[in-house]
Each structure stands twice: as C-alpha cells, then as structure tokens.
Amino acid sequence: MGKARSLESVVVLTGAGISAESGLPTFSGDGGLWEKYRVEDVASPRAFARDPLLVQRFYNTRRRRLLASDVRPNPAHIALADFEQRFDGDFILVTQNIDHLHEQAGSAEVVHMHGELLKKRCQNCGRISEVKRDISIDQVCDCCGERGTLRPHVVWFGEMPLEMDRIHQALRKCDVFLSVGTSGNVYPAAGFVEIVNASGGHSVEINLQPSAVQSSFSQKLYGPAGETLPQFLQQLHVSTA
Ligand code: BJW
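Presented here is a report on the structure given in the accompanying data block. As the structure is a prediction and not an experimental result, all values here were calculated from the model. (Residues numbered from 1 in each chain as written. Predicted model: local features only at pLDDT ≥ 70, side-chain atom pairs only at ≥ 80, totals over all residues. Heavy atoms only, no water.)

Considerations on the overall build of the protein chain
In terms of regular secondary structure, the protein chain is built from 10 helices and nine strands. Each principal axis of the C-alpha distribution contributes one length, and for the protein chain these read about 60 × 35 × 30 Å. Looking at the protein chain as a whole, 47% of its 241 residues are labelled buried. Per element, the accessible surface of the protein chain, about 11900 Å² overall, is 48% carbon and sulfur. For the protein chain, the separation between the mean place of its 25 positive charges and that of its 28 negative charges on side chains is 5 Å. (Helix = DSSP H or I, 4+ residues; strand = E, 2+ residues; numbered from the N terminus. Buried < 20%, exposed > 50% of the residue type's maximum accessible area, 1.4 Å probe, protein only. Areas by Shrake-Rupley, 256 points an atom, 1.4 Å probe, with all protein chains shown as cover. Lys, Arg positive; Asp, Glu negative; His and termini not counted. Charge placed at Lys NZ, Arg CZ, Asp CG, Glu CD.)

This is how it looks when you write it as structure tokens:
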C-alpha cells in the first residue's frame, strides 16, 4: 500500500463468498443457487408477478436455512467486526448479502444494499417489518390489511439498490476499499472499485478466485475468506497502529 495516504477511512464490500464458510450457498459457481434456479425465474419483479409461489418458496427455503442452528458467523465475519471495533477512522461495511451474519458477528455499521431476508415489505403500504417465518402468497399485511401484497425486502434485478448515496460518498473518500467474496458480475457493486480508483483509494480484492473485475484492483489475495481476511486485517491494523 502507498505511504502517501494515512488510513482514515475504510469501506468493505462483501458478497456471497464471505458466507460460504458459514454454510450458505453462493449464487454462481459449483453448487451455487443459479445451478438450481434460473435468475430470471426468481430474482426480478417480473418473476414475482408471474409466479409468486416459486419466488416465495425460493426465499422461504433460504430463510429457513439461514435460521438453522449450524449457520453462524465465520472467522471472516468476526474479523471484520473486530476491525471495526478497534479502528479509529470512518468505517462502513456494505454487504450485498441478505443474511444477517455480519450483525451476528458484532458489526455495527452494516449497509444491506440488496436488502434483508429477515424483513418483509408490503407492496401496497410500503411497511417494512421483521419476518422469521415463511411468507405465503395470500398472507394479509398487518398494517394495511391487504392480502397477497407481502414480498421479501430484497433488491431484484432492475430494482434500485438501497442507500446508494451513502455508499457513493463513502467510496469517494475512502483510503482503502476491500472487496470480499463477490464474483464482480452484478452491478452497481461490481463498479465500486472504479469509483475508488478514480478518487485515488487503494483497492483490495479478497476472493477464492479472480473475479470478473479483478484487473481493476491494486492488490489481490486469493483463498478462503475465513483465512485470508483475518490475516489481512491484522496486518492493516498493525501497519497503521
Ligand atoms: C469465496 C468463497 C470463500 C466462494 N472465500 N470467496 C451495468 C452494466 C451491466 C448491467 C448492469 C449495469 N448496471 C445495472 C445492471 C443490471 C443489473 C446487473 O448487474 N446485471 C448483471 C447480470 C450484468 N443490476 C441491477 O439490476 C441492479 N440494479 C440496478 O443497477 O439499479 C439501477 C437501475 C434500476 C432500474 C433501471 C435502471 C437502473 C440490482 C441488482 C440486484 C441483485 N440482486 C441479487 C438478489 C438479491 C436477493 C437475494 O439474495 O436473493 O443479489 S442477485 C445476486 O447477485 C444477489 C447477490 O447479492 C449478487 C451478487 O452476487 P455475489 O455476492 O457476487 O455472489 P456470487 O455467487 O456471484 O459470487 C461469490 C464469489 O465468492 C465467487 O467469486 C466465489 O469464487 C467467491 N467465494 N467461496 C472467499 N470461502
């Protein structure tokens, strides 16, 4: 890392790969969700309008899995929470993941840009509320009383990811940007590294294998995030202590 900038601001982007070692499937790759489901059948507003039962089942199955007792934060989630606690500067953790493993690990500043699996949203009144059970296609909204209007509070293709202004602001002023466990296939997250590069920040990719946007990163570490991320964050801390 260059010596010119002191470490005052860190942005971390995480993707499905960080939760793989916790027993949650990724989307792409061997055994990924896109092997069993077609993206266009389950992850777009059009898919939900066409076949709400299939879409609700897809998310109900994933919610049940997330709540299983063997799904827990792994060393990568914990290392990020520890880093946030001991780092004096600005820190923001942007996750594309809809699981809550970062929060369970103790992370405080988490932005769920693709929403949260443990929240539901009413398409009629807009109310967002917690959900730990299956959502059914004819469920009634507690708030407005409409039937069949509840959906998972997640961001599908063609929808605007959440808190983009806050994310862009943080990216433009960060000294270090870490991208962890994401394939770099889905935008706008895949383009974050270019925003950091344009503002002179240092960008680091931590992944099992090179992502689709690996050439844009100034530093790359390949291996399981549960091993590489704690090591990297320890050094980042030591070098700035
Ligand atoms: C490990 C590991 C271990 C495994 N350790 N690593 C610009 C160019 C082209 C297209 C677009 C563009 N801008 C927008 C688009 C369209 C579209 C898009 O990106 N399409 C692409 C297919 C090209 N994007 C959108 O529509 C987005 N909205 C948007 O841009 O709004 C603006 C707008 C709106 C309206 C009109 C006009 C503009 C929304 C994207 C929403 C994505 N939603 C999903 C579902 C969310 C809910 C859910 O979870 O079901 O989000 S799709 C899915 O992909 C999910 C993920 O968050 C996301 C990213 O996946 P991720 O995390 O990268 O997972 P994987 O599985 O792909 O990769 C895992 C990686 O981990 C791999 O590399 C492994 O090697 C690695 N790994 N084990 C370390 N142990």
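Right, picking up where we left off after that structure.
Considering the nonpolar core
Ranked by internal contacts, the top residues of the largest apolar core, which has 22 residues, are V10, V12, L178, V180, L229 and L233. Here this core gets five residues from one element, more than from any other, and that element is helix α10 (residues 225-240). If sequence neighbours within four positions are ignored, L178 has contacts with V11, V12, L13, V204, L229, F232 and L233. Judged by nonpolar contacts, the second largest core, of 19 residues, contains L13, M164, A170 and F217. (Core = buried A, V, L, I, M, F, W, Y, C linked by side-chain atoms within 4.5 Å. Contact = heavy atoms within 4.5 Å.)

Focus: the site of the ligand
With respect to spatial proximity, 34 residues lie near the ligand, and among them S28, R62, T182, S183 and Y187 are the closest. S28 has a polar side-chain atom sitting 2.7 Å from an oxygen atom of the ligand. One of the backbone nitrogen or oxygen atoms of L208 is found 3.2 Å away from a nitrogen atom of the ligand. Here the ligand has 1500 Å² of accessible area as a free molecule, and 75% of this is covered by the chains. For the shell around the ligand, the elements supplying multiple residues, two or more each, are α1 (16-20) and α5 (52-66). Examining the composition of the shell around the ligand, we find that three residues originate from one element, α1, more than from any other. Here the residues of the shell around the ligand sort into 17 nonpolar, 14 polar and three charged. (Near = heavy atom within 4 Å. Polar contact = N/O pair within 3.5 Å; in protein donor to acceptor, adjacent residues only side chain to side chain. Nonpolar A, V, L, I, M, F, W, Y, C, P; charged D, E, K, R; others polar.)

Digging into the sheet that holds strand β6 (residues 150-154)
Across the sheet, which stays open at both edges, the three strands sit in the order β5-β4-β6 with antiparallel pairing between neighbours. Taken across any chain shown, the strands that pair with only one partner, and hence form the sheet edges, are β5 (128-130) and β6. The mean inter-strand angle of the sheet, taken between neighbouring strand axes irrespective of direction, is 45 degrees. Relative to β6, strand β4 (residues 115-122) runs antiparallel, the two being bridged by five bridges. Looking at the pairing, E116 lines up with H153 of β6. (Pairing = 2+ DSSP bridges. Axes fitted to C-alpha atoms, helices over the stretch in contact; angles between N-to-C directions.)

Side note on helix α8 (residues 164-173)
One full turn of an α-helix is made of 3.6 residues, so residues set three or four places apart face in the same direction. When we look at burial in α8, the residues that qualify are M164, I167, A170 and L171. Burial along α8 is one-sided: seen end-on, the buried residues are contained in an arc of 130 degrees. The outward face of α8, more than 90 degrees from its buried face, is lined by the exposed residues D165 and Q169. Looking at the buried residues of α8, the elements they touch are β1 (9-14), β2 (90-95), β3 (110-112), β7 (176-180) and α9 (192-198). (Arc of directions from axis to C-beta.)

Describing the sheet that holds β2
Taken in spatial order, the six strands make up an open sheet running β3-β2-β1-β7-β8-β9, and their pairing is parallel. Each having just a single partner strand, β3 and β9 (219-222) make up the two edges of the open sheet. The sheet shows a mean angle of 15 degrees between the axes of neighbouring strands, taken without regard to direction. As judged from the five bridges shared by β7 and strand β8 (residues 202-207), these two strands associate in the parallel manner. Bridge pairing in β8 places V176 opposite H202. Against the sheet, α8 touches β1, β2, β3 and β7, its axis set at about 130 degrees to β2.

Focus on the side chain of S9
With respect to the element layout, S9 can be found in strand β1. Classification of S9 as buried rests on a relative accessible area of 4%. Sequence-distant contacts of S9, that is, excluding residues within four places in its chain, are made with F87, D90, K173, C174, D175 and V176.

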